[in-house]
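Structural overview
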Amino acid sequence: MPSIDDIEELAREKLPDWMMNYYDTGTGDEQTVQDNKAAYKRLRFMPRIMCADGNQNLSTTVLGRRVRIPIGVSPTALQGGAHDRAEMATAEGTERCGTVMVMSSWSQVRIEDVANSAPNGIKWMQTYLNLDRRNTRNIVERAERCGFEAIVVTVDSPCVGIRKKKGYQGGDQFIKTLKGGAARGFVNYEGAADDIAKARASGDPKLFKYVWNQSVSYPKWREIEWLKTVTRLPLIMKGIMTAQNAKEAVAVGAKAIIVSNHGGRQLDGLPATIEVLPEIVDALRGSGVEIYMDGGIRNGSDVMKALSLGAKFVFVGRPAVWELGVKGADGVAEVLQILENELKVTMTLCGCTRLSDIDRSLVIHESQMKCKL
């Protein structure tokens, strides 16, 4: 079975440079992009020996729903650039693995089409608190009608971060994939407001600018109170990076949070998600709110470290999109299967049979290790 690094290499061979550049790019000097991955290497295992039985069970629940593995797929825009079936193929891949797909509101296929492509899959819908609330209401209500089981609210994007990487083409990546095939541009913003129809009629650059500007709304926590009047679905806050923010999310009614720095694509200089996770877990202990995490996961040992530090569930973004571009739905399923297999091996070597066996005693930060030479 290949590794995630192998999959990234295959994607670079198959996908156009401009597309891989979009997926890779972070903001600023990309310190956070790099640190998300590097931080896992600063954590070392402290295994339990002579207690593994070789029959690992990775099943858990998220918001009361049973999943086969504690690994899902993050919301990622522009999947039509990787595969012509875009998010439909991603939903099919996650359905095969019995786990969660979070669909981006910036998707390139309709909510209804994704629901039909994976009718038995566990699907959550991501949204921004758009400048025109009608756009948010439209996305949320359609998702609920289509059987999506939660709303993931991105809360770390009051505006768009600055990308400095040479060769990044701003909105050009979006514009290149707005036409043709099953994947079209911002189809889930249609029907809510007259402005979107006018923007589409004015051409793709105007359409992109309209939707981009919708996400620059400078939302406040009180907007969540409004959102709770729109849907009965549980709300998950994505983009939590401090204990204080986590407590604020709980106070407004979040049923779960996703510890996330947007993959290093918003504020550069944020710490790695794995490094802030323990403090947030401690802050919410006893609240009943579930804690998930994304950012920099590239192998099963990364997953193990996140679970050890208190995450109930983790998400991957870039690796899933890379394999979507290589093999479509089969590729998305393969990424999840790779991580599943690697997690099983890591659990065995650490002396764990069930996810409930995993705790903080299994990892130590390298700064806490004392040389006795």
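Let us look at the structure shown here. Values in this document were obtained by computation on a predicted structure and should not be read as measured data. (Residues numbered from 1 in each chain as written. Predicted model: local features only at pLDDT ≥ 70, side-chain atom pairs only at ≥ 80, totals over all residues. Heavy atoms only, no water.)

**Description of the overall build of the chain**
What counts, and what does not: A helix here means a DSSP run of H or I that spans at least four residues, while a strand means a run of E at least two residues long, and both kinds are numbered starting from the N terminus. With the radius of gyration taken over C-alpha atoms, the globule rule is written as 2.2 Å times the number of residues to the power 0.38. Between two residues, a contact is recorded if the distance between any of their heavy atoms is within 4.5 Å. Using a 1.4 Å probe, the Shrake-Rupley method yields the accessible areas, and only the shown protein chains count as cover for residues. When charges are counted, neither His nor the chain ends are considered; positive counts come from Lys and Arg and negative counts from Asp and Glu. Charge coordinates come from a single atom per side chain, which is NZ of Lys, CZ of Arg, CG of Asp or CD of Glu.
If you tally the helices and strands in the chain, you get 15 helices and 12 strands. A globule of 373 residues ought to have a C-alpha radius of gyration of about 21 Å, and the chain, at 20 Å, matches this closely. Oriented by its inertia axes, the alpha-carbon framework of the chain measures out at about 70 × 45 × 40 Å. Expressed as a percentage of contacts within the chain between residues at least 6 apart in sequence, the contacts between residues at least 24 apart total 74%. Of the roughly 15,500 Å² that the chain leaves accessible, carbon and sulfur atoms contribute 50%. With 49 positive and 45 negative side-chain charges, the chain shows a separation of 3 Å between the mean positions of the two kinds.

**A short note on unusual backbone geometry**
Note the following rule: Only protein chains enter the accessibility calculation, which uses a 1.4 Å probe; a residue is then buried when its area is under 20% of its type maximum, exposed when over 50%, and partly exposed in between.
The phi dihedral of L63 is positive, around 50°, even though this residue is not glycine. With respect to the element layout, L63 can be found in the loop between β2 (60-62) and β3 (65-67). Despite not being glycine, A86 shows a phi value in the positive range, around 45°. With respect to the element layout, A86 can be found in helix α4 (residues 86-96). Overall, A86 belongs to the buried group, its relative accessible area being 0%.

**A closer look at the packing of helix α1 (residues 4-14) against helix α14 (residues 318-327)**
We apply this condition: Every axis in this analysis is a line fitted to C-alpha atoms, fitted for helices over the stretch in contact. Angles between the N-to-C directions lie between 0 and 180 degrees. Throughout, the term roughly parallel applies to angles under 35 degrees, roughly antiparallel to angles over 145, roughly perpendicular to angles from 65 to 115, and oblique to all others. Crossings are sorted by hand: turned counterclockwise from the far helix by less than a right angle, the near helix makes the crossing left-handed, and turned clockwise it makes it right-handed. Polar here means any residue other than Ala, Val, Leu, Ile, Met, Phe, Trp, Tyr, Cys and Pro, which are nonpolar, and Asp, Glu, Lys and Arg, which are charged; Gly is therefore polar.
One can describe the packing of α1 onto α14 by two numbers: an axis separation of 9 Å at closest approach and a directional angle of 50°. Relative to α14, α1 is oriented oblique. Handedness of the crossing formed by α1 with α14: left-handed. Packed against α1, whose contacting residues are I4, I7, E8, L10, A11 and K14, the element α14 presents P319, W322, E323, G325 and V326 at the interface. Its residues assigned to classes, the contact of α1 with α14 shows seven nonpolar, one polar and three charged.

**Section: the side chain of E290**
Test applied: Salt bridges are defined by distance alone: a side-chain nitrogen of Lys or Arg within 4 Å of a carboxyl oxygen of Asp or Glu. In protein, a polar contact requires one atom able to donate a hydrogen and another able to accept it; more generally it is a pair of N or O atoms within 3.5 Å, and residues adjacent in sequence count only if both atoms are side-chain atoms.
Relative to the helices and strands, E290 resides in strand β10 (residues 290-294). The side chain of E290 is buried and forms no salt bridge, while K312, the nearest opposite charge, is found at 4.6 Å. Separated by 2.4 Å, the side chains of E290 and Y292 make a polar contact. Once you skip the residues sitting within four places of it in the chain, E290 turns out to touch T61, V62, L63, K255, A256, I257 and K312.

**Regarding the side chain of D24**
Its location among the elements puts D24 in helix α2 (residues 17-24). On the basis of relative accessibility, which here comes to 14%, the residue D24 falls in the buried class.

**Focus: empty space enclosed by the protein**
Where empty space is left can be seen by rolling a probe of water-molecule size over the atoms. Spelled out, the test is: In this analysis the probe radius is 1.4 Å and the grid spacing 1 Å, with only protein atoms considered; a cavity is a set of points the probe fits into but cannot get out of, a pocket is an open set with protein on both sides within 12 Å along at least five of seven lines, and lining residues have an atom within 4 Å of a point. Grid points are joined across faces, edges and corners, and a volume is the space filled by probe spheres set on the points.
Throughout the structure, instances matching the rule amount to two cavities of 30 Å³ or more. Looking at the largest cavity, its volume works out to about 710 Å³. Forming the boundary of the largest cavity are 39 residues, of which P75, T76, A77, H262 and R265 lie nearest the centre. Among the secondary structure elements, those contributing two or more residues to the lining of the largest cavity are α2, α3 (31-41), α9 (204-215), β11 (313-316) and α14. Per element, the largest residue contribution to the lining of the largest cavity is three residues, and it comes from α3. Classifying every residue of the lining of the largest cavity gives 17 nonpolar, 15 polar and seven charged. Approximately 40 Å³ is the volume attributed to the second largest cavity. Lining the second largest cavity are Y128, L129, T154, S157, S215, S217 and P219. When grouped by side-chain class, the residues that make up the lining of the second largest cavity number three nonpolar, four polar and no charged.

**Some thoughts on a negative patch on the surface**
We apply this condition: Nonpolar side chains (Val, Leu, Ile, Met, Phe, Trp, Tyr) within 5 Å and like charges within 9 Å form the patches, drawn only from residues with over 30% relative accessible area and no salt bridge.
Together, D5, D6, E9 and E13 line one region of the surface with negative charge. Positionally, D6 belongs in helix α1.

**Looking at helix α13 (residues 300-308)**
The buried fraction of α13 amounts to eight of the nine residues, a majority that puts the element mostly inside the structure. For α13, the full list of buried residues reads G300, D302, V303, M304, K305, A306, L307 and S308. One or two residues past the end of α13 sits G310, with phi positive at roughly 115°.

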